[in-house]
Amino acid sequence: MDRHVELGRTDPEIASLVRAEEELQQDTLRLIPSENYVSAAVLEATGTVLTNKYSEGYPGRRYYEGQQNVDPIENIARERAKSLFGVDHANVQPYSGSPANLAVYLAFARPGDTVLGMALPSGGHLTHGWGVSATGTWFRGVRYGVRADTGRTDLDEVRDVALRERPRLIFCGGTAVPRTVDFAAFAEIAREVDAILVADVAHIAGLIAAEVHPSPVPHVDVVSTTTHKTLRGPRGAMLMCRAEHAKAIDKAVFPGLQGGPHNHTTAAIAVALREAATEDFRAYARQVVANAKRLGEELAARGFELVSGGTDTHLLLVDLTRRGVPGKVAARALDRAGIVVNYNTVPFDTRSPFDPSGIRLGTPALTSRGVGVEDMASVAGWIDRVVGGSEAEEARVRVEVREFLARFPAPGLAV
Ligand SMILES: *Cc1c(COP(=O)(O)O)cnc(C)c1O
């Protein structure tokens, strides 16, 4: 069945690329931890006439008429977010995770203020005050890292740097953090230095919703998250907070930073939040973590070195230094074999961010297809054969991966 008839007529070039992408998403083992497959319902919501609407403002307080349907959609999304995460207030308008974080700066800080975040090579995100980001240019970024002996967040360092630098904002959470974030410990430090504490749970929001990762809600001032990673929604973001910060957050998102919200995305976020409140989703999130743990064990059994020795989440960071294969070389070889990962820095990396020592793997996407723990030995076996292996081996693995995935139809794809 071809679902792109009209697109094909109007723009055959783009239509054929979309079809090729569908095939790629069906035929490859997608291990990028920030990626997923949305359900057919979420996909459908993103492709609706809501994309035609303008609705600057918030429900009941818009700068445009004709909001009879948009207002209830945004209200439903907000209420579902509040109930799923147990928060007082939710703003579902941020265009994506990076603008959501920028809105937090706008709400609570002034240019030049100090922000404390995890260093990028330790697993932090660009928007936590890293130099090349606007947040590290307009604000003064100071950093914490992980302990060399454990590969886990160095909370002593967080406290030392916080006491010395007196940051206005502290970010906890990151983009390559395999272990549980200790929100309560961060909260104690933030209280001590009177800083606003932000939990950036972009990666783990789905795990938090399903209660397989502790919630930051009782501990932090603001929760920032994307909606498209483990939460399995459309590309978008949310900011959640206690009632006392609601006004500041809303003002910062609009009119502070953005114009009209992407209403088709808001509708799809609402659908994803409804799905995330089901027992099916909770089982899914438990499976994501079980798969990641097993994949880690199977990789370790084949001599791969895991940062922090394993995972509590959906994510694994593999240090390839001892194997003698740079991360980029490994990632390229795996891609040729139909296994999609990204190269990544590892803590204390001696190589550069563009040519680092590690790869980052995650299980959200393959778990959405129904792949289970019993399959992780195969996945680890393929990675083992390809990293440092021959081109002929890559080709053999490519065939095996394709045959394997034919048993697991991807959600939302008509194949
Ligand atoms: C993915 C991510 C973001 C940014 O999200 P985008 O939607 O890519 O802008 C922010 N913070 C963390 C921790 C992330 O992992």
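All values reported here derive from a predicted model rather than from experimental measurement.

Taken together, four strands build an open sheet; the order of strands is S11-S12-S15-S14 and the sheet is antiparallel. A strand with exactly one partner marks an edge of an open sheet, and here the two such strands are strand S11 (305-306) and strand S14 (342-344). Bridge count between strand S12 (residues 315-319) and strand S15 (residues 358-362): five bridges; the pairing is antiparallel. Following the sheet pairing, Val318 is matched in S15 by Ile359. Here helix H12 (residues 279-301) sits on the sheet and contacts S11, S12 and S15; the angle it forms with S12, its principal contact strand, is near 20°. Each of S14 and S15 is contacted by helix H13 (residues 327-336), which is oriented at about 45° to S15, the strand it contacts most.

The subject of this paragraph is empty space enclosed by the protein. Under the counting rule described, the total for this entry stands at two cavities of 30 Å³ or more. Taken as a whole, the largest cavity encloses approximately 70 Å³ of empty space. For the largest cavity, the lining is made up of 15 residues, of which Gly174, Val177, Val181, His203 and Ile204 are closest to its centre. Split into classes, the residues belonging to the lining of the largest cavity amount to six nonpolar, seven polar and two charged. Lining the lining of the largest cavity are residues from two domains, each supplying at least three of them: domain 1 (44-276) and domain 2 (286-405). Here the second largest cavity defines a volume of roughly 50 Å³. Together, Val92, Gln93, Pro94, Tyr95, Arg235, Gly236, His262, Thr265 and Thr266 line the second largest cavity. Of the residues belonging to the lining of the second largest cavity, the class tally is three nonpolar, five polar and one charged.

The next thing to look at is the sheet that holds strand S9 (residues 222-226). Strand order across the open sheet formed by seven strands is S4-S10-S9-S8-S7-S5-S6, with mixed pairing between neighbours. The two strands at the open ends of the sheet, each matched to only one other strand, are strand S4 (89-91) and strand S6 (140-144). Here the strands of the sheet are splayed against their neighbours by 20° on average, with no regard to which way each runs. Strand contacts of helix H8 (residues 183-193): S6, strand S7 (169-172) and strand S8 (196-200), with the helix running at about 170° to S7, the strand carrying the most contacts.

What follows is about a nonpolar patch on the surface. A cluster of nonpolar side chains, Leu7, Ile14 and Leu17, forms an exposed patch at the surface whose accessible area comes to about 260 Å². Given the relative accessible area of 33%, Leu7 is considered partly exposed.

Another point: the site of the ligand. Lining the immediate surroundings of the ligand are 13 residues, of which Ser96, Ser98, Asp200, His203 and Lys229 lie closest. Within the side chain of Ser98, a nitrogen or oxygen atom sits 2.7 Å from an oxygen atom of the ligand. For the ligand, the accessible surface in isolation is 380 Å², of which the surrounding protein chains cover 86%. Broken down by element, the residue count for the shell around the ligand peaks at three residues, all from helix H5 (residues 97-108). In terms of residue class, the shell around the ligand is built from one nonpolar, ten polar and two charged.

So, about the pairing of S9. Within a regular beta strand, the side chains point alternately toward one face of the sheet and then the other, so they alternate between its two faces. Burial within S9 is extensive, with five of its five residues counted as buried. Burial along S9 is two-sided: the face carrying Val222, Ser224 and Thr226 and the face carrying Val223 and Thr225 are both buried. Relative to S9, S8 runs parallel, the two sharing three bridges. Bridging from a neighbouring strand, Asp200 pairs with Ser224 of S9. As judged from the five bridges shared by S9 and strand S10 (residues 237-241), these two strands associate in the antiparallel manner. Bridge pairing links Thr225 to Met238 in S10.

What follows deals with the UniProt feature "domain: Serine hydroxymethyltransferase-like" (unreviewed entry) in the protein chain. Here, the residues flagged by UniProt with the feature "domain: Serine hydroxymethyltransferase-like" (unreviewed entry) are residues 9-383. The span residues 9-383 is 42% helical and 15% strand by assignment, and the distance between its end C-alpha atoms comes to 41 Å.

The rules behind these values
- Residues numbered from 1 in each chain as written.
- Predicted model: local features only at pLDDT ≥ 70, side-chain atom pairs only at ≥ 80, totals over all residues.
- Heavy atoms only, no water.
- Pairing = 2+ DSSP bridges.
- Helix = DSSP H or I, 4+ residues; strand = E, 2+ residues; numbered from the N terminus.
- Contact = heavy atoms within 4.5 Å.
- Axes fitted to C-alpha atoms, helices over the stretch in contact; angles between N-to-C directions.
- 1 Å grid on protein atoms, 1.4 Å probe; cavity = no way out; pocket = protein on both sides within 12 Å on 5 of 7 lines; lining within 4 Å.
- Points joined across faces, edges and corners; volume = space filled by probe spheres on them.
- Nonpolar A, V, L, I, M, F, W, Y, C, P; charged D, E, K, R; others polar.
- Domains from an automatic or database assignment.
- Patch = residues over 30% accessible without salt bridge, like charges linked within 9 Å, V, L, I, M, F, W, Y side chains within 5 Å.
- Areas by Shrake-Rupley, 256 points an atom, 1.4 Å probe, with all protein chains shown as cover.
- Salt bridge = Lys/Arg side-chain N within 4 Å of Asp/Glu carboxyl O.
- Buried < 20%, exposed > 50% of the residue type's maximum accessible area, 1.4 Å probe, protein only.
- Near = heavy atom within 4 Å.
- Polar contact = N/O pair within 3.5 Å; in protein donor to acceptor, adjacent residues only side chain to side chain.
- UniProt positions renumbered as here; feature names shortened; annotations may be inferred.

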